Amino acid sequence: MAGRPVTVASRRRWALGLGVLLVGVAVATPGSGGAPRTSAGAPMPAAAEHAAPPDEIVGFDADLLMPHLDQVPAAAAAISDPTSPAYRQYVSAAEFGARFGLPLADIAQVAGWFTGHGFQVINEPANRSELGLRGTVAQLHSTFGVSLLDRTDASGVAYHVPSGVTTVPDQLRPYVTAVSGLDTSPASRPQPRFGPANGLHPDDIARAYGIDALHAQGLDGSGQSVAVVSFDTFDPRDITSFDRAAGISGPAVQIVRLNGASKKPGDGQDEVSLDLETIRAIAPKAQIYNYEAPQSANWSDLINRIVEDGKVQIVSISWGRCEPFADPSAGDPDDIALASAEMSGLSIFVSSGDNGAYDCLDEPAGLAHDFRVAADYPSVSPHVIAVGGTYLSLHQDGSYLGEVAWQDPLSQGGTGGGLSKVFAKPSWQAGPGVANAQSTGKRQVPDVAGPADPASGMFVVSDGEGEVVGGTSAATPFWAGSMVLAAQLAAKGGITKLGFLDPVLYAVAAAHASDGTLFHDVTAGANLLYAAAPGWDYATGWGSPRLDALVPAIVAYVHDHPR
């Protein structure tokens, strides 16, 4: 069929683990924890590659046109603007689709076209951003002109990648913008980094950041729920062991498994254990939902499911990829899913990366040690809250001493941060330090920070062993768990939903920037390029929280700005 050539959307079905930096008990073997590498440090080629057989069944997506997508930024901003009539008028996924997407009749016509050509429709998100499809390699080639290569890497992981140019048939061009999800190459992981063996235990975190004062008020996550996005799974016995070591108890973690998710822990289980146990350390009585997907899943698969399930208002994501390789856009289904989540009132906390301002350093696709200045996606999306990292120092009695922005030039590690190349700076991103010499009008990250340096990492139990884990993937669930306590305090005052918290955080941080009552303003250290500075900065955002003051300030702001 004739049609327009299009690039296979690079929002491929994958996710990259953001720097699970194991320190302490575990010992790494040479070459563990990442893509197989030669002695020169470059990724090894695939161990085997061949043309995919014609009858091989694969899943993919047809990205749908969103006719009114240009209205999304203003509509999202209005929901967070106390002066707007749309303030706190949250939008469900179905309402989002009706407002910005194609008419249902058009989508039904597209679905009918695919089924008429032998494909199976397996997913129709309520936000109308895409159709999930399944078909054979032969059907893909005859319909879109694209072939697939089956590969097996040196560690035995099988995946496939597209070969050739994809064309959208003329009949679909008014409705389908791209074909995506044909690249299922696995996630890769940075090398583990090791340090002191003790780590931050729940009592240490609580005392350092004022969580103990919130616990004393009865705030422990009771009645609240939080979601964790995972591309692996965990052993429930590790949670039990962590609870025993921490002296806490709470509801069993509930698993929500997407099709194809592994039921057996793999090499990403340390990340999953870190996320779950860090939240549990802060909000032990909260119900945690672990949304698990295969590493071949799209962001939209998970985010749409979380939004449509409607179980939570706080989400933690410790996975991502450097923006140039993720190649996002405001019009692809992944960021549409994030926009839909924001407009539904979700706060999604995302780690900013573990390679400082050079987020592409660990790219596995033949470009090892890519030193371009880059930030991480999805943390650069204006629809999420980006979390940077610090090194935390304590007094001998365990009380807070100070923090610096996390960087380790020798290991090329450090808190992620910088400017997006794609997304505009949202209107609410303002305050002392935000406008600076590096500002370009694009989204600036991170927004906030928490403990991330592996030298002051979190104690976790994973695979039956006690470990100390660092990275911004530790700071992210730290923030998510803390905001669960804010949601609980708000609920006590009759506020059922806090909504998207980034505009609130900027409002209260800017109002109190001079007195330092809500944040520890981190002014030392850097992220291998950008130095920490007074006010907002590219290494730590507003800094780390003084939660005994910040949590009530957030709730008071929402209370004082009712709908």
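Presented here is a report on the structure given in the accompanying data block. (Residues numbered from 1 in each chain as written. Predicted model: local features only at pLDDT ≥ 70, side-chain atom pairs only at ≥ 80, totals over all residues. Heavy atoms only, no water.)

**Regarding unusual backbone geometry**
Part 1: Note the cis peptide between Tyr377 and Pro378, where omega equals 15°.
Part 2: Here Val445 and Pro446 are connected by a cis peptide whose omega angle stands at 5°.
Part 3: Mapped onto the fold, Pro446 is located in the loop between β23 (442–445) and β24 (448–451).
Part 4: Here the phi dihedral of Arg128 falls at roughly 65°; this positive angle occurs in a residue that is not glycine.
Part 5: Classification of Arg128 as buried rests on a relative accessible area of 13%.
Part 6: The phi dihedral of Asp327 is positive, around 50°, even though this residue is not glycine.
Part 7: Structurally, the position occupied by Asp327 is in the loop between α10 (323–326) and α11 (333–343). (Helix = DSSP H or I, 4+ residues; strand = E, 2+ residues; numbered from the N terminus. Buried < 20%, exposed > 50% of the residue type's maximum accessible area, 1.4 Å probe, protein only.)

**Re the sheet that holds strand β3 (residues 48–51)**
Part 1: Read across the sheet, three strands follow the order β3-β7-β8 without closing on themselves; strand pairing throughout is antiparallel. Only two strands of the sheet have a single partner each, and these edge strands are β3 and β8 (158–163). On average, each strand axis in the sheet is inclined to that of its neighbour by 25°, with strand direction left out of account.
Part 2: Two elements, strand β7 (residues 147–152) and β8, share six bridges in a ladder whose sense is antiparallel. Paired with Asp150 across the strands is His160, a residue of β8. (Pairing = 2+ DSSP bridges. Axes fitted to C-alpha atoms, helices over the stretch in contact; angles between N-to-C directions.)

**Quick word on the packing of helix α2 (residues 93–100) against α11**
Part 1: The interhelical angle for the contact between α2 and α11, taken along N-to-C directions, is 120°, at an axis separation of 9 Å. Taken as axis vectors, α2 and α11 run oblique relative to one another. As for how α2 packs across α11, the hand of that crossing is right-handed. In this structure, α2 contributes Ala93, Phe96, Arg99 and Phe100 to the contact, and α11 contributes Ile336, Ala339, Ser340 and Met343.
Part 2: Its residues placed into classes, the contact of α2 with α11 shows six nonpolar, one polar and one charged. (Parallel < 35°, antiparallel > 145°, perpendicular 65-115°, else oblique. Left-handed = near helix turned anticlockwise from the far one by under 90°. Contact = heavy atoms within 4.5 Å. Nonpolar A, V, L, I, M, F, W, Y, C, P; charged D, E, K, R; others polar.)

**Considering the packing of aromatic side chains**
Part 1: Per the counting criterion, the structure on display carries 20 aromatic pairs.
Part 2: With a centroid separation of 6.0 Å and an interplanar angle of 75°, the aromatic rings of Phe60 and Phe144 are classed as edge-to-face. Within this pair, whereas Phe60 is found in strand β4 (residues 57–64), its partner Phe144 is found in helix α4 (residues 137–144), the two being separated by 84 residues in sequence.
Part 3: A relative accessible area of 0% means that Phe60 is categorised as buried.
Part 4: Overall, the relative accessible area of 1% leaves Phe144 in the buried class.
Part 5: With 5.2 Å between their ring centres and 65° between their planes, Phe231 and Trp319 make a pair best called edge-to-face. (Phe/Tyr/Trp six-rings, centres within 6.5 Å; stacked < 30°, edge-to-face > 60°.)

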